[in-house]
Amino acid sequence: MKQSRFWPWLIFALGSLYFLLPLIATFQFSLSIRRDTLSWDAYLNVFQAPAFQQTFSYSLVVGFAAVVVGVLIVVPAAYFVRLRAPQLRPVIEFVTLLPLIIPPIILVFGYIRMYNSSSLIPLTNSTIGTDVLLTLAYVALAMPYMYRAVDTGLRTIDVQTLTEAANILGANTATILLRIILPNITVAVLSGAFLTLAIVVGEFTIASLLNRPAFGVYMQNVGANRAYEPAALAVISFVITWAAMGMIQLLARFAPRTAARS
Amino acid sequence: MRWGDYIGVAPFLVFAILFLIVPTAFLMASAFVDREGGFTLDNIANLNTPQILSSFWISIRVSVASAAIGALVGLIFALAVIRGRLPQAVRSTVLTFSGVASQFAGIPLAFAFIATLGRLGLITWLFKTYLDLDIYRAGFNLLSFWGLTITYCYFQIPLMILIIAPAIDGLKKEWSEAAATLGATPVQFWRYVGLPVLWPNLLGTLSLLFANAFGAIATAYALTGSSLNIVPILLYAQIRGDVLNDPGLGAALALGMVVIAALANVVYLVIRTRAERWLK
C-alpha cells in the first residue's frame, strides 16, 4: 500500500514551527538590547553580574550534593530490591512515584511546617540546615528519574552472577556495591545525575520559599526588573538543559551490557 | 528473608518517610486542626470563598486545556513522525528534542514566551508588521487563560510524545497489515484497532499531564507575577505570608491541591497497569 508522506511532513513542519519559533524569538530578543543593532551585551551583562555567578554556582553545588545523596540512597535500595527483597518492589516503586503526585510547592510547605524553628528538628533555623533541607528536597524531586535510571542500569547487567562471584572471592556487601555494581552502572548513574541537574539547577519554587539564593530565584528577580537579560537567561538555560540531555544520549552509547544468561 | 536484606533499603525508606511522607501527611493533617489544636472542619469550609473557588476553577481549566491539547497534538505529532515513514533521523531528533523541551519549564519558559508572544514579542511584531493585526487589540493576552495554556503546551506536548512513543511502537506492523488484508480502510484500522489499543495509554497520560500542569507554578509566576489567580500562586502567596494569614487555611488549600493531583494520578496508575498488557 502506497502511503502519501505529505501529511506527516506537514504536521512535522507545523510542530517544528511551534517549537522553534519561541527559541528563535528568544534568541533574537536577547540580541536586541541595543537599538537597531544586534549585540551580545545582554549576555555580557548576565555573565558579569556577580549575582549570576554566585547563584549559579550555589545551585550547581546543591545539585551535585543532591546527586550524591540521591545515588547513596537509591543505588543500594534498587540493588537490594532487585536481588534480595523483590517483595518490596511495589512499595519502593510507589514511593518513587510520590514526588510526581505531590507538587513541589506542597512538599516545601510541608518542610516549612515540619522543620521550622519550633519543631524537633529545626533545620530552617540555620543557613546550613536550610541548605541541607533544600538538597533533600531536590533529592526527592529527582527521585523518580534517578530510581528509573539506576533500575534500568541494573537490568542490563547480571546482578546475580556478579554478586555471587564477588561473594566467592570474599567481598562484603559494601565492597560489592562500591566496587562491582557502581562501576558497572556508571552510565546509568550519570544519566540520572544529569537529569537531576537539569531539573534542579533552574528550580524556583522550593528555593524561593526556603529563601535560598538559587539560580531560579535570581532568574525570577531579573525577569521582574530587566527586559533583555531574561531572554539571554532563557537561552542559557535552554543550552544547559540541552547539554545535560545530550550527555545522557552520548553516555547511552558507552553502557556496558552483561545481561543475565537465560 | 533475613533482616540484613532490609539494611540496603533502609536509608531509602527513612528518607522517604522523613522527607516525603511525613511532611506531606503532617501538612494534610493540619488542615483539620484549629488554632487551639483541636479538630475542626472550619479550614475546609473556609475554602468556600469566591477568590479561592475561582482560583481552583482557573487552575483546573488551564490544566485540563493544556493536558487535552498537549495530548492530542502530541499524539498526532508522534503518529506522524513514527508511523508516517519519515526518515529515522527525524524521529530521533524529535525524541531528543522532546526530552529537552519536556524539562524546559519553569522561569526560562516564561521568558521565552514573553519574547515570543508578549507585547514586544516576535510573533506579535510579525503579525503587526506583515498582517496589520494587533493581536493584543484583538483580545489576546499572554497573561491570561489562553496565554498560559499555550505556554504550558510547550512542555506538555513533548511529554506526551515521550510517553506515547513506546505505545505507538507497540502497535505492531502486522496488525495494520492484517487489517488491510481483511479489507479495512486506514480509518477503520484506527477506529477498531489502533485507538482502542492506545486508549488506556492516552487517558493515563492525560491525567499525568493534568497533574503536571496543576502543580506547576514557576512559569505562571514569572509570566504573570501574582496577577493570575491560580491555586499554586495563591498558595505561594499564602506561604509567603502575603495574604489570607491563616495557617489552617493554607493547609486546607494544600490539601485541596493534593486531593485533585492525587485523583488524576490514581486514574493514571490504574489505567497504566491495564494498558501494559498490550505493550509486551
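Counting restarts for each chain: residues are numbered from 1 in the order of the written sequence. Written order decides the labels, with chains lettered from A and ligands numbered from 1. Per-residue local features are limited, in this predicted model, to residues with pLDDT of at least 70; the limit for side-chain atom pairs, both in listing and counting, is 80 or more; totals at the level of whole chains, interfaces and linings are taken over all residues.

Here's the deal with the overall build of chain B
Put simply, the test is: Counting from the N terminus, the helices are DSSP H or I runs at least four residues long and the strands are E runs at least two residues long. Here the contact rule is simple: place C-beta atoms from the backbone, and any two residues whose C-beta atoms are within 7 Å are in contact.
What chain B contains, in helices and strands, is 13 helices and zero strands. Along the chain direction, N to C, the helices and strands of chain B fall in the order α-α-α-α-α-α-α-α-α-α-α-α-α. Taking all contacts inside chain B whose residues are at least 6 apart in sequence as the whole, residues at least 24 apart take part in 76%.

Focus: the overall build of chain A
Selection criterion: Neighbour density around each residue's C-beta defines its exposure: 20 or more other C-beta atoms within 10 Å make it buried, 12 or fewer make it exposed, and counts between make it partly exposed, where C-beta atoms are placed from the backbone.
Within chain A one finds 12 helices and zero strands. Shown N-terminal to C-terminal, the secondary structure of chain A runs as helices and strands in the order α-α-α-α-α-α-α-α-α-α-α-α. Along the longest, intermediate and shortest principal axes, the C-alpha atoms of chain A span 75 × 70 × 30 Å. Put simply, chain A has 262 residues, and 46% of those count as buried.

A few points about the interface of chain B and chain A
The condition is simple: Gly is put with the polar residues, along with every residue not named as nonpolar or charged; the nonpolar set is Ala, Val, Leu, Ile, Met, Phe, Trp, Tyr, Cys and Pro, and the charged set is Asp, Glu, Lys and Arg.
Counting residues at the interface gives 60 residues for chain B and 68 residues for chain A. Looking at the side of chain B that touches chain A residue by residue, the classes come out as 46 nonpolar, 12 polar and two charged.

Some details on the packing of helix α3 (residues 50–83) of chain A against helix α6 (residues 127–156) of chain A
Residue and element names in this part refer to chain A. The condition is simple: Axis definition: a line fitted to C-alpha atoms, over the contacting stretch in the case of helices. Angles run 0 to 180 degrees between N-to-C directions. The scheme is simple: roughly parallel for angles under 35 degrees, roughly antiparallel for over 145, roughly perpendicular for 65 to 115, oblique for anything else. By definition, any crossing whose near helix is turned counterclockwise from its far helix by less than a right angle is left-handed, and any crossing with a clockwise turn is right-handed.
Closest axis-to-axis distance for the α3/α6 pair is 7 Å, and the angle between their directions is 45°. By the angle between their directions, the pair α3 and α6 is classed as oblique. As α3 packs across α6, the resulting crossing turns out to be right-handed. In contact with V62, G63, A65, A66, V69, G70, I73, V74, V75, A78, Y79 and R82 of α3, α6 contributes D131, L134, T135, Y138, V139, A142, M143, M146, Y147, V150, D151 and L154.

Here's the deal with helix α11 (residues 215–225) of chain A
Each full turn of the α-helix corresponds to 3.6 residues, which orients residues three or four apart in the same direction. For α11 of chain A, the buried fraction is high: eight of the 11 residues fall into the buried class. Every buried residue of α11 of chain A is listed here: F215, G216, V217, Y218, M219, Q220, V222 and G223 of chain A.

Some words on the nonpolar core
Definition in use: In plain words, the nonpolar core is the set of buried Ala, Val, Leu, Ile, Met, Phe, Trp, Tyr and Cys residues that C-beta atoms within 7 Å link up.
If you look at the biggest cluster of nonpolar residues, it comprises 171 residues, and the most contacted ones within it are V74, A137, A142 and V150 of chain A together with F111 and A254 of chain B. Residue contributions to this core peak at 16 residues, all from α6 of chain A. Each residue touching A254 of chain B, except ones within four places of it in the same chain, is listed here: I106 and F109 of chain A together with L27 and L235 of chain B.

As for the packing of helix α4 (residues 50–83) of chain B against helix α8 (residues 145–170) of chain B
Residues and elements named next belong to chain B. It is at 6 Å that the axes of α4 and α8 come closest, and there the two elements cross at 45°. Here α4 is positioned oblique relative to α8, judged by the angle of their axes. Regarding α4 and α8, the two cross each other, and that crossing is right-handed. Partitioning the contact of α4 with α8 into residue classes produces 22 nonpolar, five polar and three charged.

Description of the environment of A49 of chain A
Topologically, A49 of chain A is positioned in the loop between α2 (41–48) and α3. Taking the C-alpha atoms as reference points, A49 of chain A and F204 of chain A, 155 residues apart in sequence, are found 19 Å from one another.

So, the environment of G250 of chain B
Among the structural elements, G250 of chain B can be located in helix α13 (residues 247–275). Sequence separation of G250 of chain B and A262 of chain B is 12 residues, and the distance between their C-alpha atoms is 18 Å.

Quick notes on unusual backbone geometry
Of note in the backbone geometry, D36 of chain A takes a positive phi value of approximately 65° without being a glycine. Residue placement: D36 of chain A occurs in the loop between α1 (6–30) and α2. Take D36 of chain A: there are 5 C-beta atoms within 10 Å of it, and that puts it in the exposed class. The phi torsion at D132 of chain B lies on the positive side, around 55°, for a residue other than glycine.

So, the confidence of the model for chain B
Basically, it comes down to this: Scored from 0 to 100, pLDDT records how confident the predictor is in each individual residue.
For chain B, the average pLDDT comes to 85, and 94% of its residues sit at 70 or higher. Model confidence for the complex: the whole-complex pTM is 0.88, and ipTM, which rates the interface, is 0.87.

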